[in-house]
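Summary of structural features
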Amino acid sequence: MLSSSNTELAARWNRLRGEQPALRIRDAAATLGVSEAELVALGIGNTGEGQKAVPLAPDFRALLRDLPSVGRVMCLTRNEHCVHERHGRFEDVQVAGPQGLVLGADIDLRLFLGNWRHGFAVRDPLKRSERVSLQFFDAAGDAVHKIYATGETDRKAFDALVARHRAEEPVEIAVEPRKADAQDRPDSAIDLDGLRAAWRSMKDTHEFFGMLRKFEVGRVQALRLAGDEFARELPPRALRGAMALASAEGTPIMIFVGNHGCIQIHTGPIERLLETHGWFNVIDPTFNLHLRESAVARVFSVRKPTEDGVVTSIEAFDANDRNILLMFGARKPGQPELQSWRGLVARVEKQAAS
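Residues numbered from 1 in each chain as written. Predicted model: local features only at pLDDT ≥ 70, side-chain atom pairs only at ≥ 80, totals over all residues. Heavy atoms only, no water.

Turning our eyes to something else, we now look at the packing of helix α9 (residues 237-249) against helix α10 (residues 339-353). When two helices pack together, their arrangement is given by the angle between the helix axes and by the axis-to-axis distance. Contact geometry of α9 with α10 gives a least axis separation of 10 Å together with a crossing angle of 140°. Judged by the inter-axis angle, α9 sits oblique to α10. Here the hand of the crossing between α9 and α10 comes out right-handed. Contacts between α9 and α10 involve Arg237, Ala238, Ala242, Leu245, Ala246 and Glu249 on the former and, on the latter, Leu344, Arg347, Val348, Gln351 and Ala352. By residue class, the composition of the contact of α9 with α10 is seven nonpolar, one polar and three charged. (Axes fitted to C-alpha atoms, helices over the stretch in contact; angles between N-to-C directions. Helix = DSSP H or I, 4+ residues; strand = E, 2+ residues; numbered from the N terminus. Parallel < 35°, antiparallel > 145°, perpendicular 65-115°, else oblique. Left-handed = near helix turned anticlockwise from the far one by under 90°. Contact = heavy atoms within 4.5 Å. Nonpolar A, V, L, I, M, F, W, Y, C, P; charged D, E, K, R; others polar.)

And the structure:
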């Protein structure tokens, strides 16, 4: 039985769904002033009444290690402005500590499990079937990662996984306020000579984050201050321009989309691009991307030295300097950057300057 507060929330959700039937659960939660996890825990989903949410035990590492058994799935990772959907199977799952990796040709994830707090196995009724998923949320109740069964999933194995990892006791959802974003120090306080020297001496792209911490500089702040040798600011439209060129030329790329709980990576070409209702989309058989273009406030082309040569990226941020997505040329450690990608970025920069 629902508590009085939960009954009232369910009633508010039903009214809102009647007024805006196409509203997605994340946006509905924001409108109602609650978290998505709270709505899911009540059995409230995008398809309305009849959803069932089974709480999962908090040992998410054990669950993740079992995922190769279920076959092909669709993984979804998003932030406020971008949704990344990738079809494939879990292959090499490495989740021994607070950070984890999922490495494979299709499903490629970087996991920050210290920020995973709540999990549910969710069944959404559809007209002729049901949609089954595993959904994971942080302490604030925001989704960090979701895994959906598809027609290629071994449903018997998926159901067995849920049975093994369901919580033994009822779970109380208590959300915590999200911490405010760290504020940049004044530009005048940054050791620019030291920053540029450290940037120039990088041997691996992963050193970039340590460099930012060492010099106590924000990511966008560093891109602004580093100079054209390392980063150039482009107009927001350059992001779409880069995707359009990659699609037209068949250049294989990497697209990273993440939040503080998970980063999801697509590697390969992109083909079908489509704009719908303010969203710019990639709609391919095994990869979908949905980007709210109006939220893209700043775009940079970025160059990072490595032992394999310079690695070039295009990076997009919102008005609060939060990263929306990163694009690279497809590559693996030990391989130089694709010349086709490097040339593509040079053309995007030239178009931006004209």
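Picking up where we left off.
Let's shift gears to the side chain of Asn288. Structurally, the position occupied by Asn288 is in strand β15 (residues 287-292). A polar atom in the side chain of Asn288 sits 3.0 Å from the backbone oxygen of Asp284. Residues within four places of Asn288 in sequence aside, it is in contact with Val83, His84, Glu85, Val282 and Ile283. (Polar contact = N/O pair within 3.5 Å; in protein donor to acceptor, adjacent residues only side chain to side chain.)

Spatial ordering of the open sheet is given by β1-β7-β8-β9-β2-β3-β15-β14-β13, a layout of nine strands whose pairing is antiparallel. Unpaired on one side and paired on the other, β1 (52-55) and β13 (273-276) mark the two borders of the sheet. Across the sheet, the mean angle from the axis of one strand to that of its neighbour is 20°, orientation sign disregarded. Taken strand by strand, helix α5 (residues 155-165) contacts β7 (118-125), β8 (130-137) and β9 (143-153), and its axis lies near 40° from that of β8. (Pairing = 2+ DSSP bridges.)

With the rule as written, the count across this model stands at nine aromatic pairs. Ring centres of Phe60 and Trp116 lie 6.0 Å apart, and the angle between their planes is 50°; on these two criteria the pair is classed as tilted. Highlighted residues: Phe60 in helix α4 (residues 60-66) and Trp116 in the loop between β6 (109-112) and β7, separated in sequence by 56 residues. An identical accessibility class is assigned to Phe60 and Trp116; each is buried. Seen from their ring centres, Trp116 and Phe136 are 4.8 Å apart, and the 35° between their planes marks the pair as tilted. Separated by 20 residues along the polypeptide, Trp116 in the loop between β6 and β7 and Phe136 in strand β8 bring together distant segments of the chain. (Phe/Tyr/Trp six-rings, centres within 6.5 Å; stacked < 30°, edge-to-face > 60°. Buried < 20%, exposed > 50% of the residue type's maximum accessible area, 1.4 Å probe, protein only.)

What follows deals with α9. Over its 13 residues, α9 runs 19 Å from end to end, which matches the ideal 18 Å to within 8%, given 1.5 Å per residue. Taken as a whole, α9 has its buried residues at Ala238, Leu239, Ala242, Met243, Leu245, Ala246 and Ser247. One or two steps after α9, the chain reaches Gly250, where phi turns positive at roughly 70°. (Expected span 1.5 Å × (residues − 1).)

Its location among the elements puts His290 in strand β15. Owing to a relative accessible area of 17%, His290 belongs among the buried residues under this scheme. Separated by 3.4 Å, the side chains of His290 and Glu85 make a polar contact.

In this section: unusual backbone geometry. One non-glycine residue, His277, lies in positive phi territory at about 50°. Mapped onto the secondary structure, His277 falls in the loop between β13 and β14 (279-283). His277 gets classed as exposed once you look at its relative accessible area, which sits at 82%. Positive phi outside glycine occurs at Asp321, with the angle close to 65°. The residue Asp321 is located in the loop between β17 (311-317) and β18 (323-329) in this model. Relative accessible area serves as the criterion here: at 32%, Asp321 is assigned to the partly exposed category.

Glancing now at the pairing of β9. Counting buried positions along β9 gives nine out of 11 residues, so the element sits mostly inside the fold. The pairing of strand β2 (residues 71-78) with β9 spans five bridges and is antiparallel. When the sheet's bridge partners are listed, Gly71 is paired in β9 with Thr153. Here β8 hands over to β9 after five residues, with Gly141 in that stretch at a positive phi of 85°.

The next thing to look at is the pattern of salt bridges. All told, the structure shown has 28 salt bridges when counted by the stated rule. Measuring nitrogen to oxygen at the nearest pair gives 3.0 Å for the salt bridge that ties Asp159 to Arg123. Note that Asp159 is positioned in helix α5 and Arg123 in strand β7, a separation of 36 residues in sequence. Here Asp124 makes a salt bridge to Arg131, at a shortest N to O gap of 3.7 Å. For Asp124, a relative accessible area of 3% corresponds to the buried category. (Salt bridge = Lys/Arg side-chain N within 4 Å of Asp/Glu carboxyl O.)

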